[in-house]
Amino acid sequence: EPEVTQTPSHQVTQMGQEVILRCVPISNHLYFYWYRQILGQKVEFLVSFYNNEISEKSEIFDDQFSVERPDGSNFTLKIRSTKLEDSAMYFCASSEMGPRQNSPLHFGNGTRLTVT
Amino acid sequence: EDKVVQSPLSLVVHEGDTVTLNCSYEVTNFRSLLWYKQEKKAPTFLFMLTSSGIEKKSGRLSSILDKKELFSILNITATQTGDSAIYLCAVNTPGNQFYFGTGTSLTVIP
C-alpha cells in the first residue's frame with residue numbers, strides 16, 4: 001500500500017540553525033500538509049499546500065517557516081532559525097482529493113526534531 | 001475558533017472490556033469527522049463519517065456521528081492489549097482543513 005515517507009526520522013540541531021524536513025507524499029494525492037505534535041500535546045496544523053501554493057496556514061506558521069515542492073515528488077518544510085520550542089514531532093500528511101471532496105489524511109511516520 | 005474536544009483524556013481498562021470514546025466539535029462549516037489511532041508514531045486512519053446515524057464498523061471497532069448534537073463516539077468491544085493507543089478525532093472543514101482533538105489515551109491491561 002502506498003505510504004507517505006518522511007526523512008530523517010530524528011534530527012538534532014542547535015538553536016538558531018536551519019533545518020529542512022523532507023516528505024514524499026503519496027503519488028496521486030493532491031493536498032499536502034505539515035502538522036506538529038509537541039510531546040504529550042495535540043496534533044497541531046501548520047500549513048496546507050495545494051496546486052503548488054500554500055492553501056492555508058496557522059498562527060504557528062510564522063516567517064521562520066516555509067514550504068516547498070521542489071520537484072514532482074518531494075515536499076519540504078524549512079525552519080530558518082530554530083528555537084527550543086520548535087522541538088516536536090513533525091508529521092507530513094497528504095490527502096487524495098481536492099477541496100470539494102472528502103478524503104482522509106494519510107500521515108508519514110514523522111520527524112522528531114530536537115533543538116538544543 | 002473551531003474546536004474539537006475529546007473525552008475522557010485517558011482510560012485504563014481490562015482486556016475484554018468495552019470502551020466508548022467521545023468527540024464533540026464546534027466548527028463553522030463541517031464536512032466530515034475522522035477517527036485515527038496513534039501508537040508510537042503516525043496516526044493511522046480508522047473511520048471517516050459524513051452522515052448522521054450511519055454506523056461505520058471495522059471488526060471490533062465502530063463509530064457513529066450525530067450532526068445535530070455535534071458529536072461522535074468510537075466504540076471498541078472485547079478490547080485487547082493491542083488496542084492500547086491514543087485515539088484522535090479530527091474534523092474536516094471546507095478548504096480541506098483538519099482540526100484535531102487532544103486525543104484519548106487508552107491503556108488495555110491483561
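Report follows, based on the coordinates. (Residues numbered from 1 in each chain as written. Chains lettered and ligands numbered in written order. Predicted model: local features only at pLDDT ≥ 70, side-chain atom pairs only at ≥ 80, totals over all residues. Heavy atoms only, no water.)

Considerations on the sheet that holds strand 7 (residues 65–68) of chain A
Residue and element names in this part refer to chain A. Within the open sheet, the four strands sit side by side as 1-3-8-7. Their pairing is antiparallel. The sheet terminates laterally at strand 1 (5–7) and strand 7, the two strands that pair on one side only. Across the sheet, the axes of successive neighbouring strands diverge by a mean angle of 20°, strand direction being ignored. When strand 7 meets strand 8 (residues 75–79), the two strands line up antiparallel, connected through four bridges. Note on strand 8: the bridge partner recorded for phenylalanine 65 is isoleucine 79. (Pairing = 2+ DSSP bridges. Helix = DSSP H or I, 4+ residues; strand = E, 2+ residues; numbered from the N terminus. Axes fitted to C-alpha atoms, helices over the stretch in contact; angles between N-to-C directions.)

Overview of the interface of chain B and chain A
Contacts between the two partners involve 21 residues from chain B, matched on the other side by 24 residues from chain A. A combined buried area of about 1,900 Å² lies between chain B and chain A, and 53% of that area is made up of carbon and sulfur atoms. Linking chain B with chain A are zero salt bridges, by the criterion used here. Between chain B and chain A we count six residue pairs in polar contact (both at pLDDT 80 or more) in total. Elements represented by at least two residues in the side of chain B that touches chain A include exactly strand 4 (32–38), strand 5 (43–49), strand 9 (85–93) and strand 10 (97–100) of chain B. In terms of residue class, the side of chain B that touches chain A is made up of 10 nonpolar, nine polar and two charged. (Contact = heavy atoms within 4.5 Å. Buried area = accessible area lost by both parts, 1.4 Å probe. Salt bridge = Lys/Arg side-chain N within 4 Å of Asp/Glu carboxyl O. Polar contact = N/O pair within 3.5 Å; in protein donor to acceptor, adjacent residues only side chain to side chain. Nonpolar A, V, L, I, M, F, W, Y, C, P; charged D, E, K, R; others polar.)

Here we look at the sheet that holds strand 6 (residues 56–58) of chain B
Paired through backbone hydrogen bonds, the strands of a sheet run either parallel or antiparallel to each other. Residues and elements named next belong to chain B. Read across the sheet, five strands follow the order 1-3-8-7-6 without closing on themselves; strand pairing throughout is antiparallel. Each edge of the open sheet is held by one strand with a lone partner, namely strand 1 (3–7) and strand 6. The sheet shows a mean angle of 15° between the axes of neighbouring strands, taken without regard to direction. The sheet contact formed by strand 6 and strand 7 (residues 61–66) spans three bridges and is antiparallel. Bridge assignment links lysine 57 to a residue of strand 7, and that residue is serine 62.

A short note on the packing of aromatic side chains
Summed over the entire model, instances satisfying the criterion amount to 17 aromatic pairs over all chains. Grouping aromatic residues by their ring pairs yields a cluster made of Tyr31, Tyr33, Tyr35, Phe45, Tyr50, Phe91 and Phe107 of chain A together with Tyr36, Phe45, Phe98 and Phe100 of chain B. (Phe/Tyr/Trp six-rings, centres within 6.5 Å; stacked < 30°, edge-to-face > 60°.)

Looking at the pairing of strand 3 (residues 19–24) of chain A
Residue and element names in this part refer to chain A. With burial as the criterion, only one face of strand 3 is covered, namely that bearing Val19, Leu21 and Cys23; the residues Ile20, Arg22 and Val24 on the opposite face remain uncovered. Alignment of strand 1 against strand 3, held across three bridges, turns out to be antiparallel. For threonine 7, the partnering residue across the bridge sits in strand 3 and is arginine 22. Strand direction decides the pairing type here: strand 3 and strand 8, joined by five bridges, are antiparallel. The residue of strand 8 that forms the bridge with valine 19 is isoleucine 79. (Buried < 20%, exposed > 50% of the residue type's maximum accessible area, 1.4 Å probe, protein only.)

Focus on the state of the cysteines
Applying the stated criterion to the full structure yields two disulfides over all chains. Two residues share a disulfide in this structure: cysteine 23 of chain A and cysteine 92 of chain A, whose sulfurs sit 1.9 Å from each other. The chirality of the disulfide connecting cysteine 23 of chain A with cysteine 92 of chain A is left-handed, given an S-S dihedral of about -65°. Residue cysteine 23 of chain A is located in strand 3, and its partner cysteine 92 of chain A is located in strand 9 (residues 88–95); the two are separated by 69 residues in the primary sequence. As far as the burial class goes, cysteine 23 of chain A and cysteine 92 of chain A line up, both buried. Put simply, cysteine 23 of chain B and cysteine 89 of chain B are joined by a disulfide, and their sulfur atoms are 1.9 Å apart. For the disulfide bridge between cysteine 23 of chain B and cysteine 89 of chain B, the dihedral angle about the S-S bond is near -65°, and by the sign convention the bridge is left-handed. Of the two residues, cysteine 23 of chain B is situated in strand 3 (residues 19–26) and cysteine 89 of chain B in strand 9; the sequence distance between them amounts to 66 residues. (Disulfide = S-S within 2.5 Å.)

Geometric descriptors of this kind do not, in isolation, establish any biological role.
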